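# Geometric and topological summary
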Amino acid sequence: MRKKLLLFMMMGCALFSFKSEPKSTGKLDVEIETKITKLLTEMTIDEKMGQLNQFTSRWEMTGPAPQGNNEQQMLEMIKSGLVGSILNVTGAEATRKAQTLAVENSRLKIPMIFGYDVIHGYQTMFPIPLAEAASWEPELARQSSRVAAVESAAAGLHWTFAPMVDIARDARWGRIMEGSGEDPYLGSLFAAARVKGFQGDDLSANNTIAACVKHFAAYGFIESGRDYNTVDISESTLRNVVLPPFKAAADAGAVTFMNAFNEIGGTPATANAHLLRDILKGEWGFNGFVVSDWNSVGELLVHGVAADRKDAARLAITAGSDMDMEGNCYVPNLKTLVEEGIVDIKLVDDAVRRVLRVKFQLGLFDDPYKYCDENKEKTLILSRENLQVAREAARKSIVLLKNEKQLLPLKKEGQKIALIGELAADKDVPLGSWRAKAITGSAVSLLEGMQNAVSSPANLVYAKGPAFVVGESKFTVHLKFNTTDKSGIEEAVKVAKTADVVVLALGENCFQTGEGRSQTDIRMKGLQQELLEAVYAVNKNVVVVLMNGRPMDISWMAGNVPSIVEAWHLGSEAGNGIADVLFGDYNPAGKLPVSFPQTVGQVPIYYNHKSTGRPSDGEGNVFWSHYTDAPNSALFPFGYGLSYTTFTYSDLKISSSEMSKGGKLNVSVTVKNTGKVKGQEVVQLYIRDLVGSITRPVKELKAFDKIWLNPGESKVVSFELTENDLAFWGASNQFQAEPGDFQLWVGPNSVEGLKTTFKLK
Ligand code: BGC
């Protein structure tokens, strides 16, 4: 209540003043702070505003066309010190040229910071982030982010707009592909790993770049899964579900954050002092800077909370948005707002200090061109080593959803394989959405990957099947799917008839997901279902390789086809990575980071839901929380994934049936490889807090371990639970574990597992 009042006061008062210096609990470098203080005394108000201003280059756009000035005007502004940052300028040569404009012409020679969306690779493409989370290996994400940073830095970039850490429960939302799925714990580990990968141990090194944690906050909770839509969530969902990955990223040292486009309960995130001042800069002591999203300051008008751009600038700077990305609101208005006494200069100084701090940390004041290195750009980008990491990442991100007749692994010889589907030969789709500088058509296709793997190429026959996406629509938001031209089905059926096994590549074009690409229907588009049924009618030995950026409704497929391999959009080495799995050179070990619904009508669906007062009785009886035409359960639950071997769980033990306050609990379980091949299992620990001051989820992931086991081998896997692991934001408005009874499971996914109970005293 007190916080709401504060927020209200900050937004409603005519005079906005900074009552006290912002709290900075992070470690500050005294030398840097002294330099900033000196610089601030030399800066005019115009130069200060300039540091808070970010424009996009006019060569590449990742949002609606810029307003207010043309390229020439922008160049003049750079020379006058009115542009602190540019996004979408890439390449050692281009960034050097741009930097020269600022450093050689502006009065104080303050270098610009160059940002870009390096979401899953710069030119060597890694699996889309959702896929990579299926590896349940944060270390893998650290490595791929490291490679992405090395490539980006060699191309003159200082700053990536990643990681995207939005928890997402809605498969309709196209941006679900950019994050780590539905779970705050898994999401936190991946958030921290990616920050560490981008930033390394030393931000001033010329192969590390600043991370930008986005979108702060709750963008994944937009109504109806429609991009940019409204969010209205409680403080408890914000604290317990949405914020943990942001906090983990801040704790991992992320130096910048980005606003979200959405409002939360009436206040757009860009004008949200509760998020930015109370939580991020206050409670968490974040001392980096916050950049708006693309024109999200300007959009405060459209949201209907600002009367004009000046008012929007007032709201955003007051709330704690430090840099205005392509909004053109700060530069024309901040000076007047300060002169009129509406915005306290201290607010501006604080924002400028934060921006300069990151520039100093990056070492840009020592050498503004340190990242522009044409030679490194040539040798480091798309290197063999980088592609090897990409192949490793690709195969580790694959999830085996079904393998009923043990059709997989395939044989490299002595087996006639029909490979069918346009996606199988596609060298572009696997690069995924948000592909930075990926070279169009540069991925290893599934066809190529399989050709590389088989011993006798004559045994692998390819048929394209019907066209999927038509014409040149591939690179636009509005993809056109072929629903009429059935030519190709006949040939596919012919090829399928004579094969021992059919591998069918189906799913989504990569531009069905990403920003602005929400869908109401998450089934396969075009003629893909028809192709699947036609092929299945003549050959039951079907392995579907699914390429997609979101959970899909694949109910028919799951009910009929014996083998399904979830292969997402896996990046540059996709085809090789998938072939590694298909032929058993790599035993798949991925687990879903997100629930797959049975039908879009179940969305949002997630494993860590609440009980309700009337949980389904499982019988479908009326007056219990259920659907009359579909089950409540997911088609494939969170944490689910198979292997070419099998595992059993036994001997779940806890060190005590009681945990004392401040105490610990040791949990152990024996996992055995009961199959014939070596394999990896992700052993997952979930809890349920049975009675809380507010309702608690029916299950929550609290720990996991990924272990290798030889055939017949057993291992005791141990976990340590502390009181901290049981804490949540409850009725007392703080993180606290509450005494009482808990259930605990250890198992292979979020619905199966051995169960025990304990009590927190
Ligand atoms: C997206 C951000 C992105 C920015 C810059 C916006 O439209 O929401 O995620 O970083 O554009 O490209």
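Nothing here was measured: the structure is a model prediction, and the numbers come from that model.

With that settled, consider the packing of aromatic side chains. For the structure shown, the criterion picks out 23 aromatic pairs. Seen from their ring centres, Trp 136 and Phe 704 are 4.9 Å apart, and the 70° between their planes marks the pair as edge-to-face. Separated by 568 residues along the polypeptide, Trp 136 in the loop between helix H6 (129-133) and helix H7 (138-154) and Phe 704 in strand E21 (residues 700-709) bring together distant segments of the chain. When the ring of Phe 216 is compared with that of Phe 257, the centres are 5.2 Å apart and the planes differ by 90°; the resulting orientation is edge-to-face. Of the two residues, Phe 216 is situated in strand E5 (residues 212-216) and Phe 257 in strand E6 (residues 256-259); the sequence distance between them amounts to 41 residues. Among the aromatic side chains, those forming a connected cluster through ring pairs are Trp 136, Tyr 185, Tyr 607, Phe 638, Tyr 686 and Phe 704. Stacked on the ring of Tyr 606, the Lys or Arg Arg 169 has its end atom at 3.5 Å from the ring centre.

Turning our eyes to something else, we now look at empty space enclosed by the protein. Counting across every chain of the model gives six cavities of 30 Å³ or more. There is about 90 Å³ of room inside the largest cavity. Class assignment of the residues belonging to the lining of the largest cavity gives a composition of five nonpolar, four polar and two charged.

Mapping Glu 33 onto the fold places it in helix H2 (residues 30-42). Engagement of the side chain of Glu 33 in a polar contact is seen with the side chain of Arg 357, the distance being 2.8 Å. When sequence neighbours within four positions are dropped, the list of residues in contact with Glu 33 reads Leu 28, Arg 353 and Arg 357.

Another point: the sheet that holds strand E25 (residues 740-747). Strand order in this open sheet of five strands is E18-E26-E25-E20-E21, and the pairing throughout is mixed. Either end of the sheet is taken by a strand with one partner, and the two such strands are strand E18 (658-659) and E21. Relative to strand E26 (residues 754-760), E25 runs antiparallel, the two being bridged by seven bridges. If you follow Trp 745 over to E26, its bridge partner there is Lys 755.

In this section: the site of the ligand. Taken together, 13 residues lie around the ligand, and Thr 62, Asp 117, Arg 175, His 215 and Asp 293 are the ones closest in. Asp 117 places a polar side-chain atom, nitrogen or oxygen, 2.5 Å from an oxygen atom of the ligand. Lys 214 places a side-chain nitrogen or oxygen 2.8 Å from an oxygen atom of the ligand. In isolation the ligand offers 310 Å² of accessible surface; the protein chains occlude 99% of this area.

Topologically, Asn 482 is positioned in the loop between strand E13 (460-463) and helix H19 (489-497). What makes Asn 482 buried here is its relative accessible area of 5%. Discounting residues that sit within four places of it in the chain, Asn 482 has contacts with Pro 466, Ala 467, Phe 468, Val 470, Gly 526 and Leu 527. A distance of 3.1 Å separates the side chain of Asn 482 from the backbone nitrogen of Thr 484, its partner in a polar contact.

We now examine the side chain of Gln 528. Within the secondary structure, Gln 528 is located in helix H20 (residues 528-538). Its relative accessible area of 6% is what places Gln 528 among the buried residues. Within the structure, Gln 528 has its side chain in polar contact with the backbone oxygen of Lys 525 (distance 3.3 Å).

Its volume calculated, the largest pocket comes out at about 1200 Å³. Along the wall of the largest pocket there are 48 residues; nearest its centre are Pro 184, Arg 239, Asn 240, Pro 244 and Phe 735. Of all the elements in the fold, those that place two or more residues in the lining of the largest pocket are helix H8 (184-199), helix H9 (235-251), E21 and strand E22 (714-722). Among the elements that take part in the lining of the largest pocket, H9 stands out by supplying 10 residues, more than any other. Residue composition of the lining of the largest pocket, by class: 26 nonpolar, nine polar and 13 charged. In this structure, the second largest pocket encloses a volume near 780 Å³. Looking at the second largest pocket, it is lined by 26 residues, and the ones nearest its centre are Tyr 606, His 609, Lys 610, Asn 632 and Ser 633. The class makeup of the residues in the lining of the second largest pocket is 11 nonpolar, 11 polar and four charged.

So, about the pairing of strand E3 (residues 113-116). The alternating pattern of E3 places Ile 113 and Gly 115 and Phe 114 and Tyr 116 on opposite faces, both of which are buried. Sheet topology places strand E2 (residues 85-87) next to E3; three bridges connect them, and they run parallel. In the sheet register, Leu 87 faces E3, and the bridge partner there is Gly 115. The β-α-β motif built from E2, the intervening helix H5 (residues 92-105) and the parallel element E3 has right-handed crossover chirality. Relative to strand E4 (residues 159-160), E3 runs parallel, the two being bridged by two bridges. When the bridges of E4 are listed, Gly 115 appears paired with Trp 159.

Turning our eyes to something else, we now look at the domain arrangement of the protein chain. Partitioning the protein chain into structural domains gives domain 1 (393-594) and domain 2 (647-760). The centre of domain 1, based on its C-alpha atoms, is set 35 Å off from the matching centre of domain 2. Of the residues lining the interface, four residues belong to domain 1; the matching set on domain 2 comes to nine residues. In total, domain 1 and domain 2 occlude about 530 Å² of area from one another, counting both sides; carbon and sulfur atoms represent 46% of this. Run the count over domain 1 and domain 2 and you get one salt bridge.

On to the sheet that holds E5. Strands sit in the order E5-E6-E9 across an open sheet of three strands; the sheet is parallel. The sheet is open, and its two edges are formed by E5 and strand E9 (289-291), each paired on a single side. Within the sheet, the average angular offset between the axes of one strand and its neighbour, ignoring direction, is 30°. Summarising the sheet, E5 and E6 pair through three bridges and their orientation is parallel. Bridging from a neighbouring strand, Phe 216 pairs with Asn 259 of E6.

What counts and what doesn't
- Residues numbered from 1 in each chain as written.
- Predicted model: local features only at pLDDT ≥ 70, side-chain atom pairs only at ≥ 80, totals over all residues.
- Heavy atoms only, no water.
- Phe/Tyr/Trp six-rings, centres within 6.5 Å; stacked < 30°, edge-to-face > 60°.
- Helix = DSSP H or I, 4+ residues; strand = E, 2+ residues; numbered from the N terminus.
- Lys NZ or Arg CZ within 6 Å of the ring centre and 35° of its normal.
- 1 Å grid on protein atoms, 1.4 Å probe; cavity = no way out; pocket = protein on both sides within 12 Å on 5 of 7 lines; lining within 4 Å.
- Points joined across faces, edges and corners; volume = space filled by probe spheres on them.
- Nonpolar A, V, L, I, M, F, W, Y, C, P; charged D, E, K, R; others polar.
- Polar contact = N/O pair within 3.5 Å; in protein donor to acceptor, adjacent residues only side chain to side chain.
- Contact = heavy atoms within 4.5 Å.
- Pairing = 2+ DSSP bridges.
- Near = heavy atom within 4 Å.
- Areas by Shrake-Rupley, 256 points an atom, 1.4 Å probe, with all protein chains shown as cover.
- Buried < 20%, exposed > 50% of the residue type's maximum accessible area, 1.4 Å probe, protein only.
- Right-handed = clockwise from strand over helix to strand, strands pointing away.
- Domains from an automatic or database assignment.
- Buried area = accessible area lost by both parts, 1.4 Å probe.
- Salt bridge = Lys/Arg side-chain N within 4 Å of Asp/Glu carboxyl O.
- Axes fitted to C-alpha atoms, helices over the stretch in contact; angles between N-to-C directions.

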